[in-house]
Amino acid sequence: MCNKPVFVILFLAFVCACKTERPIENRIKQDIEVLADDKLKGRATGSEGEILAASHIANRFKDLGILPKGTNEYIQAFTFTQKTDPHAEVQYGEANGKKSLTGRNVIGFIDNNAEHTIVIGAHYDHLGMGGDGSLHRGEPMIHNGADDNASGVSVMLYLADKLLDTNTENNYLFIAFSGEEMGLLGSNYFVKNPTIDLTKVNYMINMDMVGRLKKNKTLAIYGTGTSPVWDETIKKANTKDMFKLKTNVSGVGPSDHTSFYLQDIPVLHFFTGQHVDYHKPSDDFEKLNYEGMLQIANYIHGIISEVNSPKKIVFTKTVNESDSTPRFKVTLGVVPDYLFDGKGMRIDGISENRPAQKAGLQKGDIVVQLGEHEVVDMKAYMRALSKFENGDKTTVKVDRNGEIVEADITFFDKKKK
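Reference entry: report on the structure contained in this document. Values in this document were obtained by computation on a predicted structure and should not be read as measured data.

## Examining the overall build of the protein chain
Scanning the protein chain from N- to C-terminus turns up eleven helices and 18 strands. Counting the 417 residues in the protein chain, one finds 51% classified as buried. The long-range share in the protein chain, meaning contacts at least 24 apart out of those at least 6 apart in sequence, stands at 75%. Taken as a whole, the protein chain presents about 19,000 Å² of accessible surface, with 49% of it coming from carbon and sulfur.

## Points about the nonpolar core
Residues Ile-120, Phe-174 and Phe-270 are the most contacted members of the largest nonpolar core, which totals 57 residues. With sequence-adjacent residues up to four places away left out, Phe-174 is seen in contact with Phe-61, Ile-66, Val-106, Ile-107, Gly-108, Ile-110, Ile-120, Met-156, Leu-159, Ala-160 and Leu-163. With 21 residues, the next largest nonpolar core counts Ala-359, Val-375, Phe-388 and Val-398 among its residues.

## Section: the pattern of salt bridges
Enumeration over the complete set of coordinates arrives at 17 salt bridges. If you follow the salt bridges from partner to partner, you end up with Lys-214, Asp-337, Arg-346 and Asp-348 in one network.

## Let's talk about the packing of helix H4 (residues 146-162) against helix H8 (residues 290-306)
With their axes 10 Å apart at the nearest point, H4 and H8 run at an angle of 50° to one another. The angle between H4 and H8 places the two elements in the oblique class. Of the two possible hands of crossing, H4 and H8 adopt the one that is right-handed. Taking contact as the criterion, the partners of Ser-151, Ser-154, Val-155, Tyr-158, Leu-159 and Lys-162 in H4 are, on H8, Met-293, Leu-294, Ala-297, Asn-298, Ile-300 and His-301. Residue composition of the contact of H4 with H8, by class: seven nonpolar, four polar and one charged.

## A closer look at the side chain of Asp-284
For Asp-284, the location among the structural elements is in the loop between strand S10 (267-271) and H8. One buried charged residue, Asp-284, forms no salt bridge at all, with the nearest opposite charge on Lys-287 at 6.1 Å. Only 3.0 Å separates the side chain of Asp-284 from the side chain of Asn-144, close enough to count as a polar contact. Excluding its chain neighbours within four sequence positions, the residues that come into contact with Asp-284 are Asn-144 and Ala-146.

Calculation rules
- Residues numbered from 1 in each chain as written.
- Predicted model: local features only at pLDDT ≥ 70, side-chain atom pairs only at ≥ 80, totals over all residues.
- Heavy atoms only, no water.
- Helix = DSSP H or I, 4+ residues; strand = E, 2+ residues; numbered from the N terminus.
- Buried < 20%, exposed > 50% of the residue type's maximum accessible area, 1.4 Å probe, protein only.
- Contact = heavy atoms within 4.5 Å.
- Areas by Shrake-Rupley, 256 points an atom, 1.4 Å probe, with all protein chains shown as cover.
- Core = buried A, V, L, I, M, F, W, Y, C linked by side-chain atoms within 4.5 Å.
- Salt bridge = Lys/Arg side-chain N within 4 Å of Asp/Glu carboxyl O.
- Axes fitted to C-alpha atoms, helices over the stretch in contact; angles between N-to-C directions.
- Parallel < 35°, antiparallel > 145°, perpendicular 65-115°, else oblique.
- Left-handed = near helix turned anticlockwise from the far one by under 90°.
- Nonpolar A, V, L, I, M, F, W, Y, C, P; charged D, E, K, R; others polar.
- Lys, Arg positive; Asp, Glu negative; His and termini not counted.
- Polar contact = N/O pair within 3.5 Å; in protein donor to acceptor, adjacent residues only side chain to side chain.

Here it is as structure tokens:
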């Protein structure tokens, strides 16, 4: 478009206008307001909005005095051909017609002249106007992705600022990944085309959806089994039991840490849980818990401080839970509370015109049985769903404030709009 340079200049002027001198703590909110602004139209991989978001992140690195570590200053561009077969591998390479897109990782480096480097990452792409992956029903709308994942990027930038003069026993590589929503493309490309020696990476920390810390302060940490140091470290850094920690040992999950774990690198992934605005246009910045994000950022800094050593921590393989996760074709149409640690599957949100809503289920209900299948946890819930086909009818039992409520359910395909 002929007016694209003018648009970029105007946007960067908007960003600069926001850069008043404020305490470091306030920058978390400021960065999210920029990244989740309608002007970026959802930051879809390869879009103009993604370019603007990448420019903001690169400028933040530059303002902090963090060195560029991409292939072109702070940017590591990657071109790929979009998949037609969901089970096929993405092909990286030169542009190849209309099905090709170019994403951009944004990479900064703190060089402490150390032998090893800690990677701290978060994806900054989102769903644009919707499309595949969106849970929105209706006309295309901007998906700003404030929690998913402007929240993680803002925490990453906060840590970049805070680590400039502390914990100097390691170097730090900060990566804002693109292409995560399309299948971890940016992180996968980076580990195959690293801009530093991967054998010198100490460990990787990933923040994906850390903006909705709830009142009970439950914080999920995945990858705790990828190094023997993690269990003690995360407990020790959790001073005064600030967080109710829910841990998972597996190094494999639906976010960018997986790409590093598969290279035999210890990982930790931080997550505050799904919600009714997940992958919808309603995931906006005014709904985030900014105090919670600051607490999480300082907690992660505390973890880094606990293992501030020039030595490389030990890597351990974990059970790949995705291999044992049941596959299912139907849905209740609910948002599960992934942080619930009681018996059953707690419903954190209800989608419109889906089986759960039609059956009268409510937010807060705890599913304890589907048909003849008892539901004791999330995996049992998914295992129960795998037993049903499109059009099947059954009963669901839920615990509603201590009372067992039964309802009739008719399933339909989980991909049905």
